[in-house]
Amino acid sequence: MKLILCIGLLGFVQLPAFAATATRLSCSLRENVVISRFAHSLSTMKWDDHFLVASGIKQSRTKSDIPFRITRFQNGDDLVFFPQKQQYFLLYSGNPQPDRCIVQGTSTYQVTQLPRYEKPEV
C-alpha cells in the first residue's frame, strides 16, 4: 500500500505546474487582445503597446438570472465574461456600447524556475 502511494506521489510531483491562463481575443475596436489571469485574482490585458492590470473579479447576474463576471482594469475598461456561453465583451471607459470579442484561442503559462545564485567558492 505504501509503495503504491509513493509511486502515485512521484508521478504527481513530475507533472508540470501552471501559473496562469491566457485568452486571446479579437474585438472590433481592439484586435489581438490577450487577457491573462493569475493567482489571487490578478488579471492583465495587453494589446498593441498597451498593458493594463486589474485586481479582483466581480460576479453578478443579469435580470434574467444569467451569471456573468466583470474584471475592471485600471483605465476604467471592463471585461465582461458570460461563462455559460463563453462570450466576452469589452466596455471601454466612457463608452456605454459593448464591444463583442471573439475567442481566438486559450493557453496556459508554465511555471518557470528562476535561476539560483550560488556564491562562488573562494
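What counts as what
Residues numbered from 1 in each chain as written. Predicted model: local features only at pLDDT ≥ 70, side-chain atom pairs only at ≥ 80, totals over all residues. Heavy atoms only, no water. Phe/Tyr/Trp six-rings, centres within 6.5 Å; stacked < 30°, edge-to-face > 60°. Helix = DSSP H or I, 4+ residues; strand = E, 2+ residues; numbered from the N terminus. Buried < 20%, exposed > 50% of the residue type's maximum accessible area, 1.4 Å probe, protein only. Lys NZ or Arg CZ within 6 Å of the ring centre and 35° of its normal. Core = buried A, V, L, I, M, F, W, Y, C linked by side-chain atoms within 4.5 Å. Contact = heavy atoms within 4.5 Å. Disulfide = S-S within 2.5 Å. Polar contact = N/O pair within 3.5 Å; in protein donor to acceptor, adjacent residues only side chain to side chain.

(A) Quick look at the packing of aromatic side chains. All chains considered together, the criterion is met by 4 aromatic pairs. Plain terms: the ring middles of Phe38 and Tyr109 are 6.1 Å apart, the flat faces sit at 5° to each other, and that makes the pair stacked. Taken together, the residues Phe38 in strand S2 (residues 33-38) and Tyr109 in strand S9 (residues 99-110) connect sequence positions 71 residues apart. Relative to Phe82, the ring of Phe68 has its centre 5.6 Å away and its plane inclined at 40°; by these criteria the two rings are tilted. You can see Phe68 sitting in strand S6 (residues 67-72) and its partner Phe82 sitting in strand S7 (residues 78-82), a full 14 residues away along the chain. Of the two residues examined, Phe68 and Phe82, each falls in the buried class. Within the aromatic cluster, the residues linked to one another by ring pairs are Phe68, Phe82 and Phe89. Positioned above the aromatic ring of Trp47, the side-chain terminus of Arg30 is 3.7 Å from the ring centre.

(B) Spotlight on the nonpolar core. Counting 15 residues, the largest nonpolar core has Leu25 and Met45 as the members making the most contacts within it. For this core, the secondary-structure elements that each account for two or more residues are strand S1 (18-27), S2, strand S3 (42-47), strand S4 (50-55), S7 and strand S8 (87-91). Not counting the four nearest positions on each side in its chain, Leu25 is found in contact with Glu31, Asn32, Val33, Ile35, Leu79, Tyr88, Cys101, Ile102, Val103 and Gln104.

(C) The state of the cysteines, seen in detail. Scanning the entire structure with this criterion turns up 1 disulfide. Note that Cys27 is cross-linked by a disulfide to Cys101, the S-S spacing being 2.0 Å. Given an S-S torsion of about 105°, the disulfide between Cys27 and Cys101 has right-handed geometry. You can see Cys27 sitting in strand S1 and its partner Cys101 sitting in strand S9, a full 74 residues away along the chain. The residues Cys27 and Cys101 share a single accessibility class, namely buried.

(D) A look at the side chain of Ser36. Turning to its location among the elements, Ser36 is positioned in strand S2. Here the side chain of Ser36 touches Tyr109 through a polar contact of 2.8 Å, side chain to side chain.

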